[in-house]
Amino acid sequence: MAENKPGTAAPGGKHWNANARDWAEIQERTARPAWLAVLNELTPSPGRQLLDLGCGAGGFARLAAGRGIRVSGLDTSAALVAIARTRTSAGTFRVGDMEQIPFPDDEFSAVTAFNSLHFARDPAKVIAEAIRVTRPGGHIAIAAWDPLTDCDALAYLLDLGGLMPATPRRAQPSPDLTDPASVRRLLSHAGLTLSPGRTVECPWEYPDQETALRGLLSTGPAAVAIGHAGLARATETITESISPYRRPDGSYLLRNTCFTITATVT
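Under an unreviewed UniProt entry, the protein chain has the name Methyltransferase domain-containing protein and belongs to Amycolatopsis rubida.

Engineer: What exactly am I supposed to notice about the packing of aromatic side chains here?
Structural biologist: Given two aromatic rings, one states the distance between the centres and the angle between the planes to describe the pair. All chains considered together, the criterion is met by seven aromatic pairs. Summarising the aromatic geometry, the rings of phenylalanine 103 and phenylalanine 108 are spaced 5.2 Å apart at their centres and angled 75 degrees between planes, so their arrangement reads as edge-to-face. Across the pair, phenylalanine 108 and phenylalanine 103 agree in class, each one buried. Note on tyrosine 156 and tryptophan 204: the rings are 5.8 Å apart at their centroids and 80 degrees apart in plane angle, and the pair reads as edge-to-face. Remark: tryptophan 204 occurs in strand 8 (residues 204-206) and tyrosine 156 occurs in helix 6 (residues 154-161); sequence separation between them is 48 residues. For tyrosine 156, a relative accessible area of 3% gives the class buried. Given the relative accessible area of 6%, tryptophan 204 is considered buried. Members of the aromatic cluster, each reached through a chain of ring pairs, are Trp16, Trp23 and Phe119. For arginine 94, the ring lying beneath its charged end belongs to phenylalanine 103, and the centroid distance is 4.3 Å.

Engineer: Whenever I open this one, the UniProt feature "domain: Methyltransferase type" (unreviewed entry) in the protein chain confuses me. Can you help?
Structural biologist: Feature annotation in UniProt places "domain: Methyltransferase type" (unreviewed entry) on residues 51-142, given in this structure's numbering. Between the end C-alpha atoms of residues 51-142 the distance is 12 Å, and the span holds 30% helix and 32% strand.

Engineer: Sorry, what's going on with unusual backbone geometry here?
Structural biologist: Glycine aside, the phi torsion of most residues is negative, and most peptide linkages are trans. A positive phi is found at aspartate 106, a non-glycine position, where the angle reads about 55 degrees. Within the secondary structure, aspartate 106 is located in the loop between strand 3 (92-95) and strand 4 (108-114). Using a relative accessible area of 42% as the deciding quantity, one classes aspartate 106 as partly exposed. Located in the positive-phi region is asparagine 115, a residue other than glycine, with phi close to 50 degrees. Relative to the helices and strands, asparagine 115 is located in the loop between strand 4 and helix 5 (123-133).

Engineer: So what exactly am I meant to see when it comes to the nonpolar core here?
Structural biologist: Most often, soluble globular proteins have nonpolar side chains that are buried together. In this structure, Trp204 and Ile238 are the most contacted members of the largest nonpolar core, which totals 44 residues. It is helix 2 (residues 32-42) that contributes the most residues to this core, six residues altogether. Apart from the residues lying within four places of it in its own chain, the contact partners of tryptophan 204 are Gln27, Thr30, Trp145, Ala153, Tyr156, Leu216, Tyr252, Leu253, Leu254 and Asn256. Counting 27 residues, the second largest nonpolar core, distinct from the first, contains Ile101, Ile127, Ala130 and Phe259.

Engineer: It is not clear to me how the pairing of strand 3 should be interpreted in this structure. Could you clarify?
Structural biologist: Consecutive side chains along a regular strand alternate between the two faces of the sheet. Here strand 2 (residues 70-75) pairs with strand 3 via four bridges, running parallel. The residue of strand 3 that forms the bridge with serine 72 is threonine 92.

Engineer: Is there a simple way to think about the packing of helix 1 (residues 20-27) against helix 8 (residues 209-216) in this case?
Structural biologist: The axes of two packed helices give the description: the angle between them and the distance between them. Two elements in contact, helix 1 and helix 8, have axes separated by 8 Å at closest approach and are oriented at 120 degrees. In terms of orientation, helix 1 and helix 8 fall into the oblique class. For helix 1 against helix 8, the interelement crossing comes out left-handed. In this structure, helix 1 uses Asp22, Glu25, Ile26 and Gln27 to contact helix 8, whose residues at the interface are Thr211, Arg214, Gly215 and Leu216. The residue inventory of the contact of helix 1 with helix 8, partitioned by class, reads two nonpolar, three polar and three charged.

Engineer: In this structure, what is going on with the pattern of salt bridges? I would like to understand it.
Structural biologist: Any two side chains of opposite charge can pair, given that their charged atoms come close. A full pass over the atoms with the stated rule returns eight salt bridges. Across the salt bridge formed by aspartate 105 and arginine 132, the nearest N and O atoms sit 2.8 Å from each other. You can see aspartate 105 sitting in the loop between strand 3 and strand 4 and its partner arginine 132 sitting in helix 5, a full 27 residues away along the chain. Take aspartate 105: its relative accessible area is 23%, and that puts it in the partly exposed class. The exposure class assigned to arginine 132 is buried, which follows from its relative accessible area of 8%. Arginine 247 serves as the salt-bridge partner of glutamate 205, at 2.7 Å between the closest nitrogen and oxygen. You can see glutamate 205 sitting in strand 8 and its partner arginine 247 sitting in the loop between helix 10 (231-242) and strand 9 (252-254), a full 42 residues away along the chain. Take arginine 247: its relative accessible area is 29%, and that puts it in the partly exposed class.

Engineer: Explain the side chain of serine 195 to me, please; I cannot follow it from the model alone.
Structural biologist: The residue serine 195 is located in the loop between strand 6 (193-194) and strand 7 (198-201) in this model. Owing to a relative accessible area of 13%, serine 195 belongs among the buried residues under this scheme. Polar side-chain contacts of serine 195 include one of 3.3 Å to the side chain of glutamate 41. Not counting chain neighbours up to four residues away, the residues in contact with serine 195 comprise Glu41, Arg184, Ile261 and Thr262.

Analysis parameters
Residues numbered from 1 in each chain as written. Predicted model: local features only at pLDDT ≥ 70, side-chain atom pairs only at ≥ 80, totals over all residues. Heavy atoms only, no water. Phe/Tyr/Trp six-rings, centres within 6.5 Å; stacked < 30°, edge-to-face > 60°. Buried < 20%, exposed > 50% of the residue type's maximum accessible area, 1.4 Å probe, protein only. Helix = DSSP H or I, 4+ residues; strand = E, 2+ residues; numbered from the N terminus. Lys NZ or Arg CZ within 6 Å of the ring centre and 35° of its normal. UniProt positions renumbered as here; feature names shortened; annotations may be inferred. Core = buried A, V, L, I, M, F, W, Y, C linked by side-chain atoms within 4.5 Å. Contact = heavy atoms within 4.5 Å. Pairing = 2+ DSSP bridges. Axes fitted to C-alpha atoms, helices over the stretch in contact; angles between N-to-C directions. Parallel < 35°, antiparallel > 145°, perpendicular 65-115°, else oblique. Left-handed = near helix turned anticlockwise from the far one by under 90°. Nonpolar A, V, L, I, M, F, W, Y, C, P; charged D, E, K, R; others polar. Salt bridge = Lys/Arg side-chain N within 4 Å of Asp/Glu carboxyl O. Polar contact = N/O pair within 3.5 Å; in protein donor to acceptor, adjacent residues only side chain to side chain.

Okay, structure coming up:
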């Protein structure tokens, strides 16, 4: 199969541009425990090549590069990709759609996706593309939030959703990619050999309200809510959502978990 050419990024990327610096400095690092779990499971060695889909500001890529891995990243947000390039100058970072990965066949020994697969229009196509660019015997690792009913972030996400414009109902419901069983089915149907998987604590912790709001207002969904309902209403809504998680010293702690699943391309 021929290499896909770089093209237009998926339209959702623009929503992550507005507060890219706040995402990079505050919110992105909440996934660090999942990054470490996946890196340890991949048993990386110097010279291996890894592609991170939905690489964001390149936090995971920088961590992997620190272990001697040759890293690449793909994201729909030009602003986040620009930050990733400054963080890991030796890496290759491109703006593009993970349903049309702009890299050649069998290019990587591992492909990762941290809390990005659920943004895809067609997750099965993303997995097919990930398989295409992964060498036989290589690995594809997916990490995502556990069922949100088990995460303190649920209130924030539900309240944020209430500020967004209505979207047309899909004729075919999408799989729930916060359900480990759904992700396992997706990977299994693609012919991959799956690992048992694991659950990782990924708390959202902020030293004060200002930092919490900067982080939580930096996400793509928050940008959509702000565009529809206004910054003042979004700020008020999120402040109320996280108020139960404020500690006596003024800091915040939202307890969340991620699951990780690593599959082998056979």
